[in-house]
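Letter by letter, the chains look like this.
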Amino acid sequence: MKLVYFASVREAIGLSSEECDVPQDARSVGDLVAWISAGSQEHARALHDHSRLRFALDQEMVASDALLGAAQELAIFPPVTGG
């Protein structure tokens, strides 16, 4: 699966995207993000608060409990602020 990172998440991890083989036990976006978080200190720091992040599977916004299914891309966005 292609992982795409945006804004402060990208800056913290130091990559705009990367490829990963999804572990069999990762069924939801939250499962996969938890697994990704364990990959490095940078990933852990960028993804530590799942409740504040936003996600898109194959360019469709989803919640962290969304099932991965056959998705090819997960995009991860930091919280959006502003007026």
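Residues numbered from 1 in each chain as written. Predicted model: local features only at pLDDT ≥ 70, side-chain atom pairs only at ≥ 80, totals over all residues. Heavy atoms only, no water.

A. Main features of unusual backbone geometry. Within the chain, Asp58 stands out as a residue other than glycine whose phi angle is a positive 45°. Summarising the element assignment, Asp58 is placed in the loop between β3 (54–57) and β4 (60–62). A positive phi is found at Gln59, a non-glycine position, where the angle reads about 65°. In this structure, Gln59 sits in the loop between β3 and β4. Overall, the relative accessible area of 72% leaves Gln59 in the exposed class. (Helix = DSSP H or I, 4+ residues; strand = E, 2+ residues; numbered from the N terminus. Buried < 20%, exposed > 50% of the residue type's maximum accessible area, 1.4 Å probe, protein only.)

B. Spatial organisation of the pairing of β3. As paired strands, β3 and strand β5 (residues 73–77) are joined by four bridges and run antiparallel to one another. Directly across from Leu57, in β5, lies its bridge partner Leu74. (Pairing = 2+ DSSP bridges.)

C. Seen up close, the side chain of Ser37. Positionally, Ser37 belongs in helix α2 (residues 29–37). If near-sequence neighbours (up to four positions away) are discounted, Ser37 is found in contact with His43, Ala44, Leu47 and His50. (Contact = heavy atoms within 4.5 Å.)

D. How the structure looks around the sheet that holds β3. The strand order β2-β1-β5-β3-β4 describes an open sheet built from five strands, whose pairing is mixed. The open sheet is flanked by β2 (17–19) and β4, the only strands paired with a single partner. Sheet twist, expressed as the average angle between the axes of neighbouring strands with direction ignored, equals 25°. In this structure, strand β1 (residues 2–5) lies alongside β5, joined through four bridges in parallel fashion. Following the sheet pairing, Lys2 is matched in β5 by Glu73. Contacting β1, β3, β4 and β5, α2 runs over the sheet at an angle of about 75° to β5. (Axes fitted to C-alpha atoms, helices over the stretch in contact; angles between N-to-C directions.)

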